[in-house]
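# Residue-level structural notes
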Amino acid sequence: MHAGLKITAFAAALAATFGTAYGVGQGMGPVVDDEPPARHDVHKGAASGRSERPGEPGRAGHEGHSGHEPVPAGGLQISENGYTLDLRTPRLVAGRTADLRFAIRGDDGRAVTAFRREHDKELHLIVAARDLNTYRHLHPTRAADGTWSIPVSLPRAGGYRVFADFTPEKKGAENLTLGADLAVSGSYAPQPVPAPDATATTDGYEVKLGGALRPGAAHELKLTVSRGGRPVTDLQPYLGAYGHLVALRSGDLAYLHVHPNGEPGDGTTAAGPDISFTATAPSSGTYRLFLDFKHDGKVHTAAFTVSTGGAVAAPMDEAPHASSGAHGH
C-alpha cells in the first residue's frame, strides 16, 4: 500500500483469519488533536473520502473534506457502482478450518476476473467479529472463473462481517469496499469492545498511539513500535508500506482503511519506530483500530479502541516513546 487514506463498513455476521492467526493487542485509547501533515495521499475507496494516490482518478466530491461535509462510511453495502459481493460461504463452524469462497459480480451477473493490483494485491479481504474482538486481513486466491477462496478458521462463534477491498480493471473504475455478513456457529459468549488504552501489546511488541481520530476533519495518527524497551527502527515493507491501519466503527462496523504518510524508498520515510497516518472518521463514536506491521519476517497486528469524543492521550510530540536504552498473515 502507499501513502494515504481510506475508509468503509458492515452487518450481523463476521469471520476471521489471515492464513495464520493474528496476535491482536488489547485496546487503545483516545488521542490528541494535531495538525495534519503537510502532505498525505488518500487511497480511493476510503470511507474518509475516496481520494487517491497521485496519478489515480478520484471520486468526485470526496477529496479534501473541509470538516463541514459528512464523510461517507464504507463497507456497509453489499453492492455499489454495479458490483456485488457474492459470498458463497455464508456460514462457518467455530474452530474448524474451511474455505471461505466468494466472487465479485458485475451488473451483468458475471464474476469479475480482471482487477487492478493495488498495494501488491488484486484484492484485500478483511474479516471481523461484530464485537470487534477478532480481526483478520487476508489475501485469497482467485480462480480463472473469478471465484476467490482462502482457508479460514475462526476461533469464536457469533456474527462477523467480510469486507472485499478491490478495484476492477476497467477504465474509470473506482476502488470499492463491499461488505457481507458471515455467521459462525458454536457456543456463543458475547464480549464487550475492549476499553480504550493508548498502548497495545502483541507478540512481544509494544505499540503506542498518539494523534487524533475526529469526525469530519483529517488528523494525524502516529503509532510507535518498540520491542524489549527499544525502538524498532528496521521495520520491513509489507504490501508496499511500513504499516497498514484499518478502523471499524463499533455498532455497524463502518470501515476505514487508512494508508500511511510516506512509503519505503521515498527518501524521507524512516523504517520506524514511528508509522504516521492521516485519517478522518465518518462520524463520532467508538472505533477499533488494527495496525499491521512487519518485522523479522513476520506480520504482526496491534489493536486499539478509540473514542472520537473522549479524553485525550498525550500529544504526539510528548507521547512516551520507547527509551533508547533500551504480527501475522
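The structure displayed is predicted, hence computed values, not measured ones.

The rules we used
Residues numbered from 1 in each chain as written. Predicted model: local features only at pLDDT ≥ 70, side-chain atom pairs only at ≥ 80, totals over all residues. Heavy atoms only, no water. Helix = DSSP H or I, 4+ residues; strand = E, 2+ residues; numbered from the N terminus. Buried < 20%, exposed > 50% of the residue type's maximum accessible area, 1.4 Å probe, protein only. Contact = heavy atoms within 4.5 Å. Pairing = 2+ DSSP bridges. 1 Å grid on protein atoms, 1.4 Å probe; cavity = no way out; pocket = protein on both sides within 12 Å on 5 of 7 lines; lining within 4 Å. Points joined across faces, edges and corners; volume = space filled by probe spheres on them. Nonpolar A, V, L, I, M, F, W, Y, C, P; charged D, E, K, R; others polar. Salt bridge = Lys/Arg side-chain N within 4 Å of Asp/Glu carboxyl O. Polar contact = N/O pair within 3.5 Å; in protein donor to acceptor, adjacent residues only side chain to side chain. pLDDT = per-residue confidence, 0-100.

## Some details on the overall build of the chain
Tallying secondary structure elements over the chain gives zero helices and 20 strands in all. Per-residue burial over the chain gives 55% buried out of 329 residues.

## Description of the environment of L87
In this fold, L87 is placed in strand β3 (residues 83-87). Among the residues examined, L87 registers a relative accessible area of 14% and is labelled buried. With 95 residues separating them in the primary sequence, L87 and L182 have C-alpha atoms 8.4 Å apart. Apart from residues lying up to four places away in sequence, L87 is in contact with L100, R101, F102, V162, A180, D181 and L182.

## Considering the pairing of strand β6 (residues 123-129)
Summarising burial for β6: seven of the seven residues are buried, a large majority. Side chains L123, L125, V127 and A129 of β6 all project onto a buried face; the interleaved residues H124, I126 and A128 project onto the opposite face, where all are buried too. Pairing of β6 with strand β10 (residues 158-166) involves seven bridges; the strand directions are antiparallel. The partner of H124 across the bridge, within β10, is D165.

## Concerning empty space enclosed by the protein
In this model, the second largest cavity occupies a volume close to 30 Å³. Looking at the second largest cavity, it is lined by ten residues, and the ones nearest its centre are E118, H124, D165, F166 and N175. Taken together, the residues that form the lining of the second largest cavity break down as one nonpolar, four polar and five charged.

## A few points about the pattern of salt bridges
Pairing is possible between side chains that carry opposite charge, provided their charged atoms lie close to one another. Scanning all chains against the criterion turns up eight salt bridges. Note that D252 and R249 form a salt bridge whose closest N and O atoms lie 2.5 Å from each other. Residue classification places D252 among the partly exposed positions, given a relative accessible area of 24%. Residue classification places R249 among the buried residues on the basis of a relative accessible area of 13%. One salt-bridge network, in which partners are shared between bridges, spans D86, R88 and R105.

## Details of the environment of G204
With respect to the helices, strands and loops of the structure, G204 is situated in the loop between β12 (199-202) and β13 (205-211). In this structure, the C-alpha to C-alpha distance between G204 and H300, residues 96 residues apart in sequence, is 9.9 Å. Not counting residues up to four positions away in its chain, the partners in contact with G204 are R227 and G228.

## Looking at the side chain of D131
Its place among the elements puts D131 in the loop between β6 and β7 (135-138). Classification of D131 by relative accessible area gives buried; the value is 12%. A distance of 3.0 Å separates a polar atom in the side chain of D131 from the backbone nitrogen of N133. If near-sequence neighbours (up to four positions away) are discounted, D131 is found in contact with R156, Q191 and V193.

## So, the sheet that holds strand β5 (residues 97-105)
The five strands are arranged β2-β3-β5-β9-β8 in an open sheet whose pairing can be described as antiparallel. Each having just a single partner strand, β2 (79-80) and β8 (141-142) make up the two edges of the open sheet. When β3 meets β5, the two strands line up antiparallel, connected through four bridges. Residue pairing across strands places T84 opposite R105, the latter belonging to β5.

## Quick word on the confidence of the model for the chain
Here the chain averages 79 in pLDDT, and 72% of its residues register 70 or above. Within the model, pLDDT remains below 50 along residues 1-70, and this stretch shows 336 contacts once partners closer than five positions in the same chain are excluded. Taken as a whole, residues 310-329 scores under 50 in pLDDT and shows 63 contacts with residues more than four places along the chain or in a different chain.

## Some points on the pairing of strand β19 (residues 286-295)
Burial within β19 is extensive, with eight of its ten residues counted as buried. Both strand β16 (residues 244-249) and β19 contribute to a ladder of six bridges, which runs antiparallel. Residue V246 lies in a different strand from β19, and its bridge partner there is F290. In terms of strand pairing, β19 meets strand β20 (residues 298-307) through ten bridges, oriented antiparallel. Paired with L289 across the bridge in β20 is F304. Between β19 and β20, which pair antiparallel in sequence order, lie two residues; one of them, D296, sits at a positive phi of approximately 55°.

## A short note on the environment of G297
Inspection of the secondary structure assignment puts G297 in the loop between β19 and β20. When its relative accessible area of 49% is taken as the criterion, G297 is described as partly exposed. Taking the C-alpha atoms as reference points, G297 and Q236, 61 residues apart in sequence, are found 7.6 Å from one another.

## Let's talk about unusual backbone geometry
Excluding glycine, residues mostly carry a negative phi; peptide bonds, for their part, are mostly trans. A cis amide bond links G272 to the next residue, P273, at an omega of 5°. As for its placement among the helices and strands, P273 is situated in the loop between β17 (255-258) and β18 (274-279). Positive phi, normally seen in glycine, also occurs at N81, with a value near 55°. Relative to the helices and strands, N81 is located in the loop between β2 and β3. By relative accessible area, N81 is classed as partly exposed at 48%.

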